[in-house]
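Coordinate inspection notes
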Amino acid sequence: MRDPVADDTALEISEALRRNDIHAVAVTMVDNSGVARVKAIPVDRLAQAATIGIGAPPVFDFFGSDDSIAPGGSPVGDLRMIPDLASLRSLGAMPGWAWAPADRVSLDGSPHLGCQRGFARHQQDQAAGMGLKVEMAFETEWVLDAGPHSIEGDGNPSRLVPVTTGLAYGMGRLVDVAGFSTELLVALAGSGVEVAQLHPEYAPSQMELSVTHKDPVGAADTAVVVRQTLRAVASKHGWRVSLSPAASAGGVGNGAHLHMSVWRDGHNLLAPAAGVGSAGLDPLGEAWMAGILAALPALMAVVAPSAASYLRLQPQRWAAPWRCWGRENREAALRLVGGAAWAGMGVANAELKVVDASANPYLVAGAVVAAGLDGMQRSLTLPPEVKIDPALLDEPARHAAGAVRLPQSLTEALDEFDRSEVLHHAMGNQLAEAFSAVRRAEADRFAACSEDEIANASRWVW
Ligand code: GLU
Ligand code: MG
């Protein structure tokens, strides 16, 4: 049914895994609710799985973040999950285990049109077809929780118990979580993840990790491995990890900011390019950013797709709920990171700050590439740069500066998404409609809930 070469490669890989005491492979997909779903196989079955896949019902496309099934999900039919052997790696935090992301195909071997990873790959290929190389990296922020049964815990599972009283960016906090952090770094290295930086973040008990950039599919794969590794390492300490955009209601949230650069002929199109476009960028790089800004209200449904996302997206929490761009402006949804002249053009990138970990990273990667390419195809230009915190301006001044508030609820974002030709065209109807059904169901489920109820129900989901 599939490439016979995959058979030989899979046999060689399973031999190598066995030699390294790896006995099983976790094969995952990330569904439209942002949850990683898994089928695991013994190493002996890898060759077969690489050839004929592993059964997975199409109803996975309609699963919600509470395991409910959105309208459209049917118990009938089957799909195959094909482990991507080129992306297989051992899991440093789960001895004996390897991991591979799945591409989903129909029973006749044709690509499944609802496959989120297939969508990201298709967009990556579209960019390559235009002579472009896109590089991406997701940051990860999380809050460490000591669990309801810790000394400070009162047994209430819905209350967060910080594992440390150390301050934001404080060395004291790093000291308190030093053992966890070492294990995390070792486990990630053992899983083939190249870490760039680790630091205590602003919210209580919050940490952040950044990784080196990869192609869009590779960046999404890395995000999956990082999140699961965090969970595995924390559980060894009896701790829990909240990756929720709103670990608690009313405070600073967890982002999953997306950094990106776009290259053509070895040149970074987002690097400062004096004297060309009005934004000081190569016109193609400017058009890429302008495309993202143009699609942003609709993109919000993909990158901030849960009810909890909108608890996080408040002004002055560096979650950047404003539709604007600015150099090094942490309240602008699209922040241009120029880097330092002496560091070379490789470091220049744009950061989409509104993204959070309730989003499917493959859908984020694919949708952002689609929006950037659309900007290039239409030669869009950027509005003026916003150089201050928009919250400090009154409404008319903010309007004049071009900083408009992005959608403030999941329903508002989904209304924009359902109207977006760019995203529907890129995702195709099957994926776009299943995604919309799942997220609409989530919006409906939380419609009458308080902020605390949303935060409590979302805290441990992703
Ligand atoms: N925690 C903030 C957020 O919700 C981001 C902080 C930062 O700029 O790294 O996105
Ligand atoms: Mg941060």
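Our subject is the structure listed above.
Residues numbered from 1 in each chain as written. Chains lettered and ligands numbered in written order. Predicted model: local features only at pLDDT ≥ 70, side-chain atom pairs only at ≥ 80, totals over all residues. Heavy atoms only, no water.

**Focus on the coordination of the magnesium ion (ligand 2)**
What counts is decided by this rule: Coordinating donors are taken to be N, O and S atoms lying within 2.8 Å of the metal, or within 3.2 Å when the metal is Na, K or Ca; because water is excluded from the atom set, some sites may appear incomplete. For the exposure calls, accessible area comes from a 1.4 Å probe over protein chains only, and a residue counts as buried if that area is under 20% of its type's maximum, exposed if over 50%, partly exposed in between.
Distances from the magnesium ion (ligand 2) to its protein donors, namely E141 (OE), E201 (OE) and E208 (OE), fall within the range 1.8 to 2.4 Å. Going along the chain, you hit the donors of the magnesium ion (ligand 2) in the pattern E-x59-E-x6-E. Using a relative accessible area of 9% as the deciding quantity, one classes E201 as buried.

**Comments concerning helix α11 (residues 410–419)**
What counts, and what does not: Strands here are runs of E lasting at least two residues and helices are runs of H or I lasting at least four, both read from the DSSP assignment and numbered beginning at the N terminus. The arc in question is the one traced by the directions running from the helix axis out to the C-beta atoms. Whether two residues are in contact is decided by their heavy atoms, any of which lying within 4.5 Å being enough.
All buried positions along α11 are accounted for by L410, A413, L414 and F417. One side of α11 carries all its buried residues, which in axial view fall inside an arc of 100 degrees. Of the surrounding elements, those touching the buried residues of α11 are α7 (283–303), α8 (309–312) and α12 (421–445).

**Some remarks on the site of ligand 1**
Which entries qualify depends on this criterion: The criterion for a residue being near a molecule or strand is simple. One of its heavy atoms has to lie within 4 Å of it. Pairs of N or O atoms are called polar contacts if they sit within 3.5 Å, as long as, within protein, a hydrogen donor faces a hydrogen acceptor (for residues adjacent in sequence, only side-chain-to-side-chain pairs). Surface accessibility follows the Shrake-Rupley procedure with a 1.4 Å probe radius. Residue values consider only the protein chains on display as shielding. Here the nonpolar group is Ala, Val, Leu, Ile, Met, Phe, Trp, Tyr, Cys and Pro; Asp, Glu, Lys and Arg are the charged ones; every other residue, Gly included, is treated as polar.
Near ligand 1 the following residues occur: E141, E201, E208, V252, G253, G255, H257, R312, R317, W318, A319 and K353. One of the backbone nitrogen or oxygen atoms of G253 is found 2.9 Å away from a nitrogen atom of ligand 1. Between ligand 1 and the protein, one listed contact pairs an oxygen atom with a side-chain N or O atom of H257 at 2.7 Å. With the chains in place, 94% of the 300 Å² that ligand 1 exposes on its own is no longer accessible. Taken together, the residues of the shell around ligand 1 sort by class into three nonpolar, three polar and six charged.

**Some details on the environment of P245**
One can find P245 in the loop between β11 (240–242) and β12 (258–264). What makes P245 buried here is its relative accessible area of 0%.

**Thoughts on the packing of α11 against α12**
Worth spelling out the cut-off: For every element, the axis is a line fit to its C-alpha atoms; helices are fit only across the contacting stretch, and the angle between N-to-C directions ranges from 0 to 180 degrees. In this scheme, roughly parallel covers angles under 35 degrees and roughly antiparallel covers those over 145, while 65 to 115 is roughly perpendicular and the rest are oblique. With the far helix as reference, a near helix turned anticlockwise by less than a right angle produces a left-handed crossing, and one turned clockwise produces a right-handed crossing.
Packing of α11 against α12 brings their axes to within 9 Å, and their N-to-C directions diverge by 155 degrees. Taken as axis vectors, α11 and α12 run roughly antiparallel relative to one another. Remark: the crossing between α11 and α12 carries left-handed chirality. Contacts from L410, T411, L414, D415, F417, D418 and R419 of α11 reach α12 at E421, L423, H424, M427, A432, F435, S436, R439, R440, E442 and A443.

**A short note on the packing of helix α3 (residues 116–129) against helix α6 (residues 216–236)**
Running from amino to carboxyl end, α3 crosses α6 at an angle of 150 degrees, the nearest separation of the two axes being 8 Å. On α6, the residues that touch R117, A120, R121 and Q124 of α3 are P216, V217 and D221. Its residues assigned to classes, the contact of α3 with α6 shows three nonpolar, one polar and three charged.

**A word on the pattern of salt bridges**
Spelled out, the test is: Counted as salt bridges are all cases of a side-chain nitrogen of Lys or Arg within 4 Å of a carboxyl oxygen of Asp or Glu.
Considering all chains together, one arrives at 24 salt bridges under this definition. R18 is the partner of E15 in a salt bridge, and the nearest nitrogen-oxygen pair spans 3.0 Å. Here R18 and E15 lie together in helix α1 (residues 4–19), a separation of three residues that amounts to about one turn. Overall, the relative accessible area of 41% leaves E15 in the partly exposed class. Connected through shared salt-bridge partners, D84, D103, R117, R121 and D221 make up one network.

**Describing the packing of aromatic side chains**
To keep things clear, this is the line we draw: Two aromatic rings, drawn from Phe, Tyr or Trp (for Trp, its six-membered ring), form a pair once their centres lie within 6.5 Å of each other, and the interplanar angle then sorts them: stacked below 30 degrees, edge-to-face above 60, tilted otherwise. Remark: a charge is flagged as sitting over a ring if the NZ atom of Lys or the CZ atom of Arg is within 6 Å of the ring centre and within 35 degrees of the ring normal.
Counting across every chain of the model gives three aromatic pairs. Directly above the ring of W318 sits R330, whose terminal nitrogen or CZ lies 5.8 Å from the centroid. Here the basic side chain of R405 rests over the ring of W322, its NZ or CZ set 5.7 Å away from the ring centre.

None of the figures reported here should be taken as evidence of function without further support.
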